[in-house]
Number of protein chains: 2
Amino acid sequence: MPSNNSKFWLKNLARSSAEWINGCGPLSEVVVSSRIRLARNIEAIPFPHWAKEEDLKNIYEVMQQLAQENIIFRKFKLLLLNNFTPLELQFLVEKHLISLYQANGKHPYRGCLYNQEETACIMINEEDHLRIQYILSGLQLKKIWGSINQIDNEIGKTVNYAFSEKEGYLTSCPTNVGTGMRASVMLHLPALVRLNRLNEILKAIAKIGYVVRGFYGEGTEVMGNLFQISNQITLGLSEEEIIDNLEKVSRQIIEQEEKARRDLLKDFKNYLEDQIWRAYGILSQARIISSVEAMELLSKLRLGVELKIVSQINLELINRIMLMLQPAYLQILAQKNLNASERDIQRAKLIREKINPMNN
Amino acid sequence: MPSNNSKFWLKNLARSSAEWINGCGPLSEVVVSSRIRLARNIEAIPFPHWAKEEDLKNIYEVMQQLAQENIIFRKFKLLLLNNFTPLELQFLVEKHLISLYQANGKHPYRGCLYNQEETACIMINEEDHLRIQYILSGLQLKKIWGSINQIDNEIGKTVNYAFSEKEGYLTSCPTNVGTGMRASVMLHLPALVRLNRLNEILKAIAKIGYVVRGFYGEGTEVMGNLFQISNQITLGLSEEEIIDNLEKVSRQIIEQEEKARRDLLKDFKNYLEDQIWRAYGILSQARIISSVEAMELLSKLRLGVELKIVSQINLELINRIMLMLQPAYLQILAQKNLNASERDIQRAKLIREKINPMNN
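A.B. asks: Honestly, the overall build of chain A in this entry has me stumped. Any pointers?
C.D. replies: Per the secondary structure count, chain A includes 12 helices and 10 strands. Relative to its length of 360 residues, chain A is compact, with a C-alpha radius of gyration of 21 Å against a globular reference of 21 Å. For chain A, the spread of C-alpha atoms along the principal axes amounts to about 65 × 45 × 30 Å. For chain A, the residues scored as buried account for 60% of the 360 residues in total. Within chain A, contacts between residues separated by at least 24 positions form 73% of all contacts whose residues are at least 6 apart in sequence. Counting only carbon and sulfur atoms, one obtains 49% of the accessible surface of chain A, whose full area is about 15,900 Å².

Printed below as a string of structure tokens:
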């Protein structure tokens, strides 16, 4: 049953964590998470940007009814985003539950329908009527495809998707027409960065139709050596082909990163260990820390865990800290507004508490 | 009884620590140690630089006999420095038991006679026939004067010092003629450095006849914000006046440092605490560290202890680490020669073991 009490669920979200956080998926020593999203629109209703309030309300209510009655979606929570403050919306972006676009939208009846594991989530009245997203830890695009396909079909039983035999799914932005699919992997590539080998790889994959983005997708900066790689092309290939191709490209980059790590260990083992342990030392003790510095240090610590140099920390803890240290998440946890200086202090405190649980 | 087995006592010295290390003396939150040394020569024997081997042997043997027979000096150890390797001599310099000049000397029968507490030590055949030194923790110049005076008188019962009614004690270098006394204090002045207030103070005290040197005295660099302040003038003032004046100047600098610390705490408390704890974090975890960086971080940690921000560490531990991380001490402890890179690794290991005794 979706609750109307969105604020209640928001508090829950601050304590909960998504499946991908556990860091247990395949190839998790390089792949943080995999994600697929499908852009879908409903036949005979204008795209959200041109839709009337009544249209948007109609779509929201269809999804609300689905969430009340459908055997799958009954386990989902529905949030009406217009109820939320900008800070709360930013928090949902940081949780990867909604897009920046959805957070910044001005039109009414923007919604977010997500399941308890936070693997599946459907944005309502984003750039398209529906944006279905599925995330899992590690490299699991095929498994995700199975799950998201089921959700897509289930919604398709209730609504008629805007679809043309010739072009496929119709979408607000022409770059999504066709499958409406974007598949992506979030890769941790510190060794390729350190050895200056990444730029060449990124140029090569751009040529064959892949885009590289930051930790929060489109329009965001790369932080902590985390690179989101996704398909650019949605038309002319089947969903399976898109997934197969991204998986192949990902495996090649993973291999390169693993080779770079072996090279680092061969030539700079002491230096590498020093950098990793210093990062651990600073994160354990700092009293003021910016999110940029914290993400850099967490990247080093992550590498230490991935290389089994550091054993007292696991990837789940690093993923959790990485989310919590973001500006809005930090303020939601503190239950008050904090300016940048206050956040730097609060962030350092939170990281210390998470990294040295014994000291608290 | 002095032992002929100098190497045995050297090993002991690597494990032992001088009284000043305990960090318990008066005003130890700013003053690391106080020191007085007296330059003395024996009548009718040329200064060491011009003396014949037989003269030097004669002086050495007089002191050897004193060490065997005198009730005070029987508790001292006598080292014949010509037996030592350059590394071992450098280690004695790092322990503050001999001067750089004594370590680098080429003439025979250079010796060092020191007591068990390592408060008193007499260099034999240094620049002068005898250089008597006394060190205590904190600001204790008057107490030191009492003790060193007693040693000086005791030696004076056996030998006739070169002394002129007009000029006082005669010394190899004219700057020491008169009292032959140099009194000094080792001050930790991080707040004056941080607030850019120290240069002005040092200029002012230079004008009234004081010299500022580094952690190992003449010709050494300032490390870890430790400044050795000593009297330049040895002629025309009594010993008591020299000591009184230095004590007054020291107290003024201490006051300025304490004011600077209060100012730092008032205006930059969070920043200061962050710097202190980061230093602690890095020292606890680094795998490679240079002596310069280690001294800088130890200075921050020392300030944290002095300000009672850090309670799990004390000044004794910091003093001990500060000595042990020096190049020769490190190699004596490791019982092998280490190149610079190996030392940086060994140093980091030693600091970790001392700072996190639980982890070992």
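A.B. asks: I would appreciate a short explanation of the sheet that holds strand β9 (residues 210–213) of chain A in the present structure.
C.D. replies: What holds strands together in a sheet is hydrogen bonding between their backbones, with the strands either parallel or antiparallel. Residues and elements named next belong to chain A. Strand order in the open sheet made by the eight strands is β2-β3-β4-β5-β1-β8-β10-β9, with antiparallel pairing throughout. Each having just a single partner strand, β2 (77–80) and β9 make up the two edges of the open sheet. Averaged over all pairs of adjacent strands, the angle between their axes in this sheet comes to 20 degrees, without regard to strand direction. By the bridge criterion, four bridges tie β9 to strand β10 (residues 226–231) in an arrangement that is antiparallel. Looking at β10, one finds that V212 is bridged to I229. Those strands touched by helix α9 (residues 291–306) are β1 (31–40), β8 (181–188) and β10, and its axis lies near 80 degrees from that of β8.

A.B. asks: Looking at this model, I keep getting lost on the packing of helix α5 (residues 141–156) of chain B against helix α8 (residues 239–285) of chain B. Mind explaining?
C.D. replies: Residues and elements named next belong to chain B. The interhelical angle for the contact between α5 and α8, taken along N-to-C directions, is 155 degrees, at an axis separation of 10 Å. Classified by the angle between their axes, α5 and α8 sit roughly antiparallel to one another. Considering how the two elements wind past one another, α5 and α8 form a crossing that is right-handed. In this structure, α5 uses L141, K142 and W145 to contact α8, whose residues at the interface are E239, E240, I243, D244, L246 and E247. Tallied by class, residues from the contact of α5 with α8 come to four nonpolar, no polar and five charged.

A.B. asks: Is there a simple way to explain the nonpolar core in this structure?
C.D. replies: Nonpolar side chains in soluble globular proteins tend to end up buried together. I36, I155 and F215 of chain A together with I36, I122, I155 and F215 of chain B are the most contacted members of the largest nonpolar core, which totals 242 residues. Setting aside residues up to four positions removed in sequence, I122 of chain B forms contacts with M63, F73, F76, G111, C112, L113, L130, R131, I132, I151 and I155 of chain B.

A.B. asks: I keep staring at the sheet that holds strand β3 (residues 111–114) of chain B and nothing clicks. Help me out?
C.D. replies: Residue and element names in this part refer to chain B. Taken together, the eight strands give an open sheet; going across it, the order is β2-β3-β4-β5-β1-β8-β10-β9, and neighbouring strands pair in antiparallel fashion. Pairing within the sheet leaves two strands with one partner each, and these edge strands are β2 (77–80) and β9 (210–213). Between one strand and the next, the sheet's axes are offset by a mean angle of 20 degrees, whatever the strand orientation. Bridge analysis of β3 against strand β4 (residues 120–124) gives four bridges, and the strand direction is antiparallel. Bridging across to β4, L113 finds its partner in I122.

A.B. asks: What is the right way to look at the environment of Q133 of chain B in this model?
C.D. replies: All names here are of chain B. Within the secondary structure, Q133 is located in strand β5 (residues 130–137). A C-alpha to C-alpha distance of 9.9 Å links Q133 and E118, two positions 15 residues apart in sequence. Residue contacts for Q133: discarding those within four places in its chain leaves R35, I36, R37, H96, T119, A120, C121 and I148. A distance of 2.7 Å separates the side chain of Q133 from the side chain of R35, its partner in a polar contact. Polar side-chain contacts of Q133 include one of 2.9 Å to the backbone oxygen of H96.

A.B. asks: Would you mind going over the interface of chain A and chain B with me for this structure?
C.D. replies: Buried accessible area, meaning the area lost when the parts come together, often serves as the stated size of an interface. Residue-level contacts link 16 residues of chain A with 16 residues of chain B. A per-residue breakdown of the area chain A buries against chain B is headed by R278, Q285 and R287 of chain A, which together make up 38% of the total. Taken together, the links from chain A to chain B amount to two salt bridges. Our enumeration of links across chain A and chain B arrives at eight residue pairs in polar contact (both at pLDDT 80 or more). With 10 residues, the single largest contributor to the side of chain A that touches chain B is helix α8 (residues 239–285) of chain A. Classifying every residue of the side of chain A that touches chain B gives eight nonpolar, three polar and five charged.

Rules used throughout
- Residues numbered from 1 in each chain as written.
- Chains lettered and ligands numbered in written order.
- Predicted model: local features only at pLDDT ≥ 70, side-chain atom pairs only at ≥ 80, totals over all residues.
- Heavy atoms only, no water.
- Helix = DSSP H or I, 4+ residues; strand = E, 2+ residues; numbered from the N terminus.
- Rg over C-alpha atoms; globule rule 2.2 N^0.38 Å.
- Buried < 20%, exposed > 50% of the residue type's maximum accessible area, 1.4 Å probe, protein only.
- Contact = heavy atoms within 4.5 Å.
- Areas by Shrake-Rupley, 256 points an atom, 1.4 Å probe, with all protein chains shown as cover.
- Pairing = 2+ DSSP bridges.
- Axes fitted to C-alpha atoms, helices over the stretch in contact; angles between N-to-C directions.
- Parallel < 35°, antiparallel > 145°, perpendicular 65-115°, else oblique.
- Left-handed = near helix turned anticlockwise from the far one by under 90°.
- Nonpolar A, V, L, I, M, F, W, Y, C, P; charged D, E, K, R; others polar.
- Core = buried A, V, L, I, M, F, W, Y, C linked by side-chain atoms within 4.5 Å.
- Polar contact = N/O pair within 3.5 Å; in protein donor to acceptor, adjacent residues only side chain to side chain.
- Buried area = accessible area lost by both parts, 1.4 Å probe.
- Salt bridge = Lys/Arg side-chain N within 4 Å of Asp/Glu carboxyl O.

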